[in-house]
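Summary of structural features
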Amino acid sequence: MQIWSLFAILTGMVIGLGNSIKKYLLVNGINPYALIIMNAIIYSIFAIILYAYLIKKEFNVTDITKFNKVLFNNCTLSKQTILLAVVISSTLFMLATILFTQSINISPNPGYSASFASSTSVITVFLISVLLLNGTFNIYTMAGIFLILTGVVLINVFSKKK
């Protein structure tokens, strides 16, 4: 198993645990938007802690301008492109958080929402990779996409039955 696969599996497990906790809170009456706001505050606190850690420990930098050079020294993009991409991706992730929170709030099982969201994400990333980022694919990739779509259809059709 490649190391990236292990990280991806652990990520899936952590996301699954987090989504289950969100569903628990939502079922017990927390306002979905209050939950989103609280999550955003906690994310911000963790980001500030990580930033402080990287400045002091990881890069041993006390001057903030030197720290920025260390972070971006291998990047070939302009600062404007980086900023625009970060703003767009952050906005998309915030929108995804809002949409997903609403989805698990009204779904009978947060696993259904998670399977739809992750399956759609896999297919979206695959298409963008192939169409815009010179990604490659083969027959096995296509078979995997077909199996993902089949799984989504099965969940949608048979989750309604008791």
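Residues numbered from 1 in each chain as written. Predicted model: local features only at pLDDT ≥ 70, side-chain atom pairs only at ≥ 80, totals over all residues. Heavy atoms only, no water.

1. A look at the overall build of the protein chain
- Of regular secondary structure, the protein chain possesses six helices and zero strands.
- Secondary structure of the protein chain in N-to-C order comes out as α-α-α-α-α-α.
- Put simply, of all contacts in the protein chain between residues at least 6 apart along the chain, 49% involve residues at least 24 apart.
- Here the protein chain has roughly 12,600 Å² of accessible surface; of this, 72% comes from carbon and sulfur atoms. (Helix = DSSP H or I, 4+ residues; strand = E, 2+ residues; numbered from the N terminus. Contact = heavy atoms within 4.5 Å. Areas by Shrake-Rupley, 256 points an atom, 1.4 Å probe, with all protein chains shown as cover.)

2. A few points about the packing of helix H1 (residues 3–27) against helix H4 (residues 79–106)
- The geometry of H1 relative to H4 is characterised by a closest axis approach of 9 Å and an angle of 60° between their N-to-C directions. The orientation of H1 with respect to H4, classified from their angle, is oblique. For the pair H1 and H4, the sense of crossing is right-handed. In this structure, H1 contributes Asn19, Lys22, Lys23 and Leu26 to the contact, and H4 contributes Thr97, Phe100, Thr101, Ile104 and Asn105.
- Residues belonging to the contact of H1 with H4 are distributed by class as follows: three nonpolar, four polar and two charged. (Axes fitted to C-alpha atoms, helices over the stretch in contact; angles between N-to-C directions. Parallel < 35°, antiparallel > 145°, perpendicular 65-115°, else oblique. Left-handed = near helix turned anticlockwise from the far one by under 90°. Nonpolar A, V, L, I, M, F, W, Y, C, P; charged D, E, K, R; others polar.)

3. Some words on the environment of Asn39
- In this fold, Asn39 is placed in helix H2 (residues 32–58).
- A relative accessible area of 18% means that Asn39 is categorised as buried.
- Note: C-alpha distance between Asn39 and Thr97 (58 residues apart in sequence) is 9.4 Å. (Buried < 20%, exposed > 50% of the residue type's maximum accessible area, 1.4 Å probe, protein only.)

4. Considerations on H4
- Look at H4: 41 Å from first C-alpha to last across 28 residues, which is about the 40 Å you get at 1.5 Å a residue.
- Taken together, the buried positions of H4 are occupied by Ile82, Thr97, Phe100, Thr101 and Ile104. (Expected span 1.5 Å × (residues − 1).)

5. Things to note about helix H5 (residues 110–132)
- Given a rise of 1.5 Å per residue, 23 residues ought to cover 33 Å, and the 32 Å separating the end C-alpha atoms of H5 matches this to within 8%.
- Looking at H5, one finds that the buried residues are Pro110, Ser113, Ser115, Ser119, Ile123 and Phe126.
- Along its buried surface, H5 packs onto H1, H4 and helix H6 (139–158).
- One side-chain oxygen of the residue at the start of H5 lies 2.7 Å from the amide nitrogen of Gly111, identifying that residue as Asn109. (Polar contact = N/O pair within 3.5 Å; in protein donor to acceptor, adjacent residues only side chain to side chain.)

6. Observations regarding the side chain of Ser107
- Within the secondary structure layout, Ser107 lies in the loop between H4 and H5.
- Only 3.1 Å separates the side chain of Ser107 from the backbone oxygen of Asn109, close enough to count as a polar contact.
- Contact partners of Ser107, with chain neighbours within four places excluded, come to Lys23 and Ser113.

7. Quick look at the confidence of the model for the protein chain
- Of all residues in the protein chain, 88% attain a pLDDT of 70 or more, and the chain-wide mean is 83.
- Between the elements of the protein chain, mean pLDDT differs from a low of 65, seen in helix H3 (residues 64–72), to a high of 89, seen in H4. (pLDDT = per-residue confidence, 0-100.)

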